[in-house]
Amino acid sequence: MSSRKITRLPEAAELAGRWRIETSTAGCDVRLTVETVVFAGPDAPALRLVSDGPWLASVDLGVIEAWRPSSDGIALLRNDGSLVVFLSRRGQGFEGSGPDGERLRLVRV
């Protein structure tokens, strides 16, 4: 049996606060809140994400209005609860590929 330690994902309250979503060429400050967002469809509730500008739309991420922690990362969601991008935990931040294939990184500010 392996004695490998599994790192736990922090609770939503621990993840809440100021973050930055970055690509290789630009970035945008966002705030992860613990305010619940309930979607009209069958999707589970999520938490509000507040962006400091229109940059997210300019990198084909569209309007991201919510986020949801999971066992292995963070999902960024549209206002209808659909997934925009899933970011896996990498060190102190989270990484994943955007809809256009560009590498995204979410880092604490």
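No experiment lies behind these values; they were computed from the predicted model shown.

Attention now moves to the overall build of the protein. Within the protein, the secondary structure is distributed over 2 helices and 8 strands. Secondary structure elements of the protein occur, N-terminal to C-terminal, as α-β-β-β-α-β-β-β-β-β. Summarising the internal contacts of the protein: among those between residues at least 6 apart in sequence, 38% fall at separations of at least 24. Within the structure as shown, the protein displays about 6,400 Å² of accessible surface, and the carbon and sulfur contribution to it stands at 51%.

Here we come to the nonpolar core. If you look at the biggest cluster of nonpolar residues, it comprises 21 residues, and the most contacted ones within it are Ile 21, Trp 67, Ile 74, Leu 76 and Leu 106. Of all elements in the fold, only α1 (12–15), β1 (17–22), β2 (27–37), β3 (46–51), β5 (73–77), β6 (83–90) and β8 (103–108) reach the threshold of two or more residues within this core. Every residue in contact with Leu 76, bar those within four places of it in the chain, is listed here: Ile 21, Leu 49, Ile 64, Ala 66, Trp 67, Ser 82, Leu 83, Val 84, Val 85 and Leu 87. Within the second largest apolar cluster, 6 residues are counted, among which are Val 37, Phe 39, Ala 66 and Ala 75.

Moving on: the environment of Glu 102. Take Glu 102: it is sitting in the loop between β7 (93–97) and β8. Residues Glu 102 and Ser 24, spaced 78 residues apart in sequence, show a C-alpha to C-alpha distance of 8.1 Å.

With that settled, consider the confidence of the model for the protein. Of all residues in the protein, 86% have pLDDT values of 70 or greater, and the mean over the chain is 85. Model confidence for the protein, summarised as mean pLDDT per element, is weakest for helix α2 (residues 55–58) at 67 and strongest for β7 at 95.

Glancing now at the environment of Gly 98. By the secondary structure assignment, Gly 98 is in the loop between β7 and β8. Given a relative accessible area of 10%, Gly 98 falls into the buried group. Once you skip the residues sitting within four places of it in the chain, Gly 98 turns out to touch Leu 61, Val 85 and Leu 104.

Read around the closed barrel, the 8 strands follow the order β1-β2-β3-β4-β5-β6-β7-β8; overall the barrel is antiparallel. Shown here is a sheet whose adjacent strand axes are inclined to one another by a mean of 30°, direction ignored. Sheet topology places β3 next to strand β4 (residues 66–70); 2 bridges connect them, and they run antiparallel. Pairing of Arg 48 across the sheet is with Ala 66, part of β4.

Thresholds, definitions, all that
- Residues numbered from 1 in each chain as written.
- Predicted model: local features only at pLDDT ≥ 70, side-chain atom pairs only at ≥ 80, totals over all residues.
- Heavy atoms only, no water.
- Helix = DSSP H or I, 4+ residues; strand = E, 2+ residues; numbered from the N terminus.
- Contact = heavy atoms within 4.5 Å.
- Areas by Shrake-Rupley, 256 points an atom, 1.4 Å probe, with all protein chains shown as cover.
- Core = buried A, V, L, I, M, F, W, Y, C linked by side-chain atoms within 4.5 Å.
- Buried < 20%, exposed > 50% of the residue type's maximum accessible area, 1.4 Å probe, protein only.
- pLDDT = per-residue confidence, 0-100.
- Pairing = 2+ DSSP bridges.
- Axes fitted to C-alpha atoms, helices over the stretch in contact; angles between N-to-C directions.

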